[in-house]
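One-letter residues, chain by chain:
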Amino acid sequence: MPVPTTLSRRSFLLAAGFVLARLSTACTRDGEAAIDVQAEPPSGELPTPEPAAAPVAPSPVPTPPPEPLSLTLPDSAVPQGNSLFAIVRGAGITGVQVQFAGRAYPAVADGGGWLALIGAGQRVGQTELHAPGVYPLTALVELDGGGSRALTGEVTITAARFPVEAIVLAPAESALLEPGLIELELAVLIPAYGGFTPARMWDGFFLRPVGGAITDVFGSRRSYNGGPATGSHSGVDFGAGAGAPVQAAASGRVALARRLPVRGNGIVIDHGAGVFTGYFHLSAIMVQPGQEVRVGETIGAVGSTGLATGPHLHWEVVVGGYHVNGLTWLQAPG
């Protein structure tokens, strides 16, 4: 996962040695095998027994000290639209909740620590990005026996520059921007993106969901029919041809599969740990809510349903309830 969206995977090699035991055999007159034993000593000559060794008390094995609690945060500023990890490590932890910018993020046990994922982007249902600035972060750590600790730190979010687009819509398309239709869509979309599955079902970078050139980027501001530039584009647009197969960017479970007023035919996949992807303007939906899908599995086809000026895939990545730049979750080419 791009920084900070990857988790390294390690494997361990076990080496084992084998002890070979050999028994010599002798043949009897009947041809049967028998174990060869040492001849008895001559009569009257008994072997002198070896003196018994004095028992040695085992050395005590030192008990390592418990791992102290620690909080790991990004060591550099996070640009608007990116994602960040907060990692808590230590002994005796039974649960962690991270508080950041007025929201609580549950952490999941993962890779020997507790991991919380946070999106420094655009909150689902809103139009503006996280404002630049220095944000305090607190990790509330629950411990064995009912105790707790608070670990604190800071995260700096820096401003990012986004393009401005001028879009001309036909009257029928403009009607899809009516506030009432948008509210109906958000009433479905916010719950779909708002669940939390503790198990993380993805591993490493995400797969590009479709071929084709990028026709619009995350965070771009838009002017419709000469009006003021407002809002922030919640995803990345890929200009693929109508009917092109759309693949699941990572393994997960389908949280939504239905038609929406503005985004058209859409699919939302829950990848666990607060991470979701959305696929919109589809001409066909090939999965059902609750269905488990694997990375690379075909889930739909490119279309132009909803508010779209032509066939393309509108692809969203949501982290902790915030739209973020999905391109940071894809492996850089080359």
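Higher on the page you've got the structure.
Residues numbered from 1 in each chain as written. Predicted model: local features only at pLDDT ≥ 70, side-chain atom pairs only at ≥ 80, totals over all residues. Heavy atoms only, no water.

Chemist: Hey, could you run me through the overall build of the protein chain in this one?
Modeler: Each helix and strand counted, the protein chain has 2 helices and 24 strands in total. A separation of at least 24 residues holds for 67% of the contacts in the protein chain among residues at least 6 apart in sequence. Accessible surface, the protein chain as shown: approximately 18600 Å² in total, 57% of it carbon and sulfur. (Helix = DSSP H or I, 4+ residues; strand = E, 2+ residues; numbered from the N terminus. Contact = heavy atoms within 4.5 Å. Areas by Shrake-Rupley, 256 points an atom, 1.4 Å probe, with all protein chains shown as cover.)

Chemist: When you look at the pairing of strand β12 (residues 148–158) in this model, what are you seeing that I'm missing?
Modeler: Put simply, side chains in a regular strand alternate between the two faces of the sheet. In the sheet, strand β4 (residues 78–79) pairs with β12 via 2 bridges, with the strands oriented parallel. Each residue of the ladder has a partner; that of V78, found in β12, is I157. Bridging between strand β11 (residues 133–143) and β12 involves 10 bridges; their strand directions are antiparallel. Looking at β12, one finds that Y135 is bridged to V155. The turn joining β11 and β12, which pair antiparallel and follow one another in sequence, is formed by 4 residues; a positive phi near 85° is taken by G145. (Pairing = 2+ DSSP bridges.)

Chemist: What exactly am I supposed to notice about the sheet that holds β11 here?
Modeler: Adjacent strands of a sheet form backbone hydrogen bonds with each other and so pair up, either parallel or antiparallel. The 5 strands lie next to each other as β4-β12-β11-β6-β7, forming an open sheet whose pairing is mixed. At either end of the open sheet lies a strand with only one pairing partner, and these are β4 and β7 (103–106). Note that strand β6 (residues 93–100) and β7 share 4 bridges and pair antiparallel. Bridge pairing in β7 links Q99 to A104.

No statement about biological role is implied by the geometric values presented.
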